[in-house]
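Working through the structure, step by step
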Amino acid sequence: WRASPLAAETFIDLPPAFVAYAEDDPLAQEAERYCERLRQECGEDSVHTLCMQGPLSHGFMKYQHLPQAHAAVTAAAAFAAAALRGPLAATMRSMTTAKSRKSTTGQVVTLPSIA
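All values derive from a computational prediction rather than experimental measurement. (Residues numbered from 1 in each chain as written. Predicted model: local features only at pLDDT ≥ 70, side-chain atom pairs only at ≥ 80, totals over all residues. Heavy atoms only, no water.)

Our focus in this paragraph is the confidence of the model for the chain. Per-residue pLDDT for the chain has a mean of 80; in total, 73% of the residues score no lower than 70. Across the chain, the secondary-structure element scoring lowest on mean pLDDT is strand S3 (residues 100-102), at 43, and the one scoring highest is helix H1 (residues 28-42), at 95. (pLDDT = per-residue confidence, 0-100. Helix = DSSP H or I, 4+ residues; strand = E, 2+ residues; numbered from the N terminus.)

Right, here's the structure in full:
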């Protein structure tokens, strides 16, 4: 038995992905196929990749002493921040347009003003 995201029937409607892998990872080719399939089914901007030169192998990001691990975690954090910035900013803007709204219990909730 083997689990793989490549076994999914479709990738349509998946959120954008960040994929970091080492070039000498035994699963590097599978990571590349996954990224290619995401691009084909969801568009060029659906996946961002970071292929690190080795020797690193699988699981290199858990080794904090490696500069490559730090670089990969930093890139992943930047990707996540950018992905969250758009929807979160839109939500915050919509919250500030109405000073108060009724909650599901019928109470009026005053929302903080966000500049």
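So that's the structure; there's more coming.
What follows concerns H1. Along its 15 residues, H1 runs 21 Å from first to last C-alpha, staying within 8% of the 21 Å computed at 1.5 Å per residue. Buried residues of H1: Ala-28, Glu-30, Ala-31, Tyr-34, Cys-35, Arg-37 and Leu-38, and no others. Buried residues along H1 sit against strand S1 (17-22) and strand S2 (47-52). Where H1 terminates, the next one or two residues include Gly-43, which has phi positive at roughly 105 degrees. (Expected span 1.5 Å × (residues − 1). Buried < 20%, exposed > 50% of the residue type's maximum accessible area, 1.4 Å probe, protein only. Contact = heavy atoms within 4.5 Å.)

What follows deals with the environment of Glu-30. By the secondary structure assignment, Glu-30 is in helix H1. The exposure class assigned to Glu-30 is buried, which follows from its relative accessible area of 16%. Glu-30 sits 26 residues away from Ser-4 along the chain, and the two C-alpha atoms are 8.9 Å apart.

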